[in-house]
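Report on the structure
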Amino acid sequence: MAEADYEEIRQNAEKSAKTPVYIALFGQPGAGKSSLINAITGKPDLVKVGVGNDETFEREDHEWNGLFLSDLPGYGTARFPADKYREKFKIDQFDIFLCVTSGKLKEDDILFFRQLRQDGKHCIFVRNKIDAEYQPGQTDADLRARIKENLAQQIGESVEVVFTSCRTGEGLDELQNAIEGSLVGVKRDRFNRSAAAYSKEFLEKKKKACREYALYAAGVSAAANMVPVPGLGIAVDVGAILGAMGLIRNDFNLTEARLDKFAHIAPNFAPIANQIISFATKEGVLQLLKRFAAGQVVAEVSKFFPGIGSLVAGAVSFGVNILILNFYIDDCYEIASEMLAKHFRD
Ligand SMILES: Nc1nc2c(ncn2[C@@H]2O[C@H](COP(=O)(O)OP(=O)(O)O)[C@@H](O)[C@H]2O)c(=O)[nH]1
Ligand SMILES: [Mg+2]
């Protein structure tokens, strides 16, 4: 990779670190908007489920790791004229809209969808509670085709529909991919880092986005907590490394509580769970540093800057940081994969 490429990644990573993603959910009370917000973020307690907020006229915002998910109050020309609604609830701010339904659509939802279409906004229909649908003698495919046709009939055109169940987890991966597919650039990176992974493929995307972030983080030094590295003749900024490790752990949703719980279920993974916790301390970073030999650092740096002749101190510390962060990402990825394989849920 040439230096110019690195510069591009650095700029993107910096932007994505600061660029939130705004997702709006609308639909009838009880359709499962709150449950879907928890599912998308992978935070089961982020929003209280089963509490109707149809009486409120406020937009309800929930944030997790740079993802803003908002539950919009019912659209109704009786309550707000279209322009007022758009202005009051800052409709222009959203990157994507999810129209959540668990049965028949209401006229208000259709009107709002048409409005969004007119404004050039992307909206995905989420047909939730698919687990509760059952028709004797009908296959899943038939059932879905029929629901899709019904929706198209009500709306007056064929629309993008994702079928989900917050209860069984069915369709959640498809939903994440549909959202991801409608985002571009730094918004997409942000989403991939923050959204819960329901498949190995999505986890792979998360790892990739984290690696790009690490490339950026490795180049940042706040010179807050410089610690000399024996044998390499440089000092690394332990404070900056710890900060990046914390964000990476967030991206994989590896809180101490989850790691502890999983270590009990899967004792084979207890050492790696402990490692993820203990490396994210000053002592842990120092211990990690001792593992990396000078030659390894040089090889790593040359991978990113092939043209580099003699290794300046800055490049060496960049190389050390990359080694540490990638090592950390690999640990996080490994345990997250196993959590996924074992259908681990908090
Ligand atoms: N069977 C089933 N129940 C669900 C599903 N999603 C949500 N629910 C339940 O439906 C109720 C309403 O969900 P909630 O997320 O609060 O809906 P909201 O009013 O649109 O925010 C709660 O009791 C949820 O547990 C689902 O996919 N399947
Ligand atoms: Mg709700």
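So, the sheet that holds strand β2 (residues 60-64)
Reading across from one edge, β2-β3-β1-β4-β5-β6 is the order of the six strands in this open sheet, with mixed pairing throughout. A single partner strand is all that each edge strand has here, and the edge strands are β2 and β6 (161-163). Within the sheet, the average angular offset between the axes of one strand and its neighbour, ignoring direction, is 25 degrees. Across five bridges, the pairing between strand β1 (residues 21-27) and strand β4 (residues 96-101) is parallel. Along β4, the bridge assignment pairs L25 with L98.

Structural notes on the confidence of the model for the protein
Per-chain confidence: the protein averages 89 in pLDDT, with 93% of residues scoring 70 or above. The weakest mean pLDDT in the protein belongs to helix α1 (residues 3-18) at 72; the strongest belongs to helix α6 (residues 172-182) at 98.

Let's talk about the side chain of T101
For T101, the position within the fold is in strand β4. Judged by its relative accessible area of 3%, T101 falls in the buried class. At 2.8 Å, the side chain of T101 and the backbone oxygen of G103 are in polar contact. Setting aside its immediate chain neighbours within four residues, T101 contacts A31, V126, R127, N128 and L151.

What about the pattern of salt bridges?
Between side chains of opposite charge, a pair can form as their charged atoms come close. Scanning the model with the defined rule gives 14 salt bridges in all. Here R59 makes a salt bridge to D61, at a shortest N to O gap of 2.8 Å. For R59, a relative accessible area of 19% puts it in the buried group. Classification of D61 as partly exposed rests on a relative accessible area of 42%. Between E180 and K205 there is a salt bridge; the shortest N-O distance is 2.8 Å. Of the two residues, E180 sits in helix α6 while K205 sits in helix α8 (residues 200-219), which places them 25 residues apart along the sequence. Owing to a relative accessible area of 8%, E180 belongs among the buried residues under this scheme.

Overview of the site of ligand 1
Among the 16 residues in the neighbourhood of ligand 1, the closest are listed as G30, S35, G50, D131 and C166. Here K33 contributes a backbone N or O atom positioned 2.8 Å from an oxygen atom of ligand 1. Here ligand 1, which alone exposes 580 Å², has 79% of that area covered by the protein. Of the residues contributing to the shell around ligand 1, the split by class is four nonpolar, eight polar and four charged.

Quick notes on the pairing of strand β5 (residues 123-127)
In terms of burial, β5 is largely enclosed, as five of its five residues are buried. What you see with β5 is no split at all: C123, F125 and R127 on one side and I124 and V126 on the other are buried throughout. The pairing of β4 with β5 spans five bridges and is parallel. Across the sheet, the residue bridging to C99 is F125, located in β5.

Considering the domain arrangement of the protein
What the domain assignment reports for the protein is domain 1 (19-190) and domain 2 (197-341). Centre-to-centre separation of domain 1 and domain 2, based on C-alpha positions: 36 Å. Across the boundary between the two partners, domain 1 contributes 13 residues, which contact nine residues of domain 2. Contact between domain 1 and domain 2 buries roughly 930 Å² in total, counting both sides, with carbon and sulfur atoms accounting for 45%. Of all residues in domain 1, the largest losses of buried area upon contact with domain 2 belong to N65, D173 and Q176, amounting jointly to 37% of the total for that side. Linking domain 1 to domain 2 there are two salt bridges. In this structure, R190 and D251 form a salt bridge, with 3.8 Å as the shortest nitrogen-oxygen distance. Between domain 1 and domain 2 we count seven residue pairs in polar contact (both at pLDDT 80 or more) in total. It is α6 that provides the largest number of residues to the side of domain 1 that touches domain 2, a total of five residues. Here the side of domain 1 that touches domain 2 is composed, by residue class, of three nonpolar, five polar and five charged.

Rules behind the numbers
Residues numbered from 1 in each chain as written. Chains lettered and ligands numbered in written order. Predicted model: local features only at pLDDT ≥ 70, side-chain atom pairs only at ≥ 80, totals over all residues. Heavy atoms only, no water. Pairing = 2+ DSSP bridges. Helix = DSSP H or I, 4+ residues; strand = E, 2+ residues; numbered from the N terminus. Axes fitted to C-alpha atoms, helices over the stretch in contact; angles between N-to-C directions. pLDDT = per-residue confidence, 0-100. Buried < 20%, exposed > 50% of the residue type's maximum accessible area, 1.4 Å probe, protein only. Polar contact = N/O pair within 3.5 Å; in protein donor to acceptor, adjacent residues only side chain to side chain. Contact = heavy atoms within 4.5 Å. Salt bridge = Lys/Arg side-chain N within 4 Å of Asp/Glu carboxyl O. Near = heavy atom within 4 Å. Areas by Shrake-Rupley, 256 points an atom, 1.4 Å probe, with all protein chains shown as cover. Nonpolar A, V, L, I, M, F, W, Y, C, P; charged D, E, K, R; others polar. Domains from an automatic or database assignment. Buried area = accessible area lost by both parts, 1.4 Å probe.

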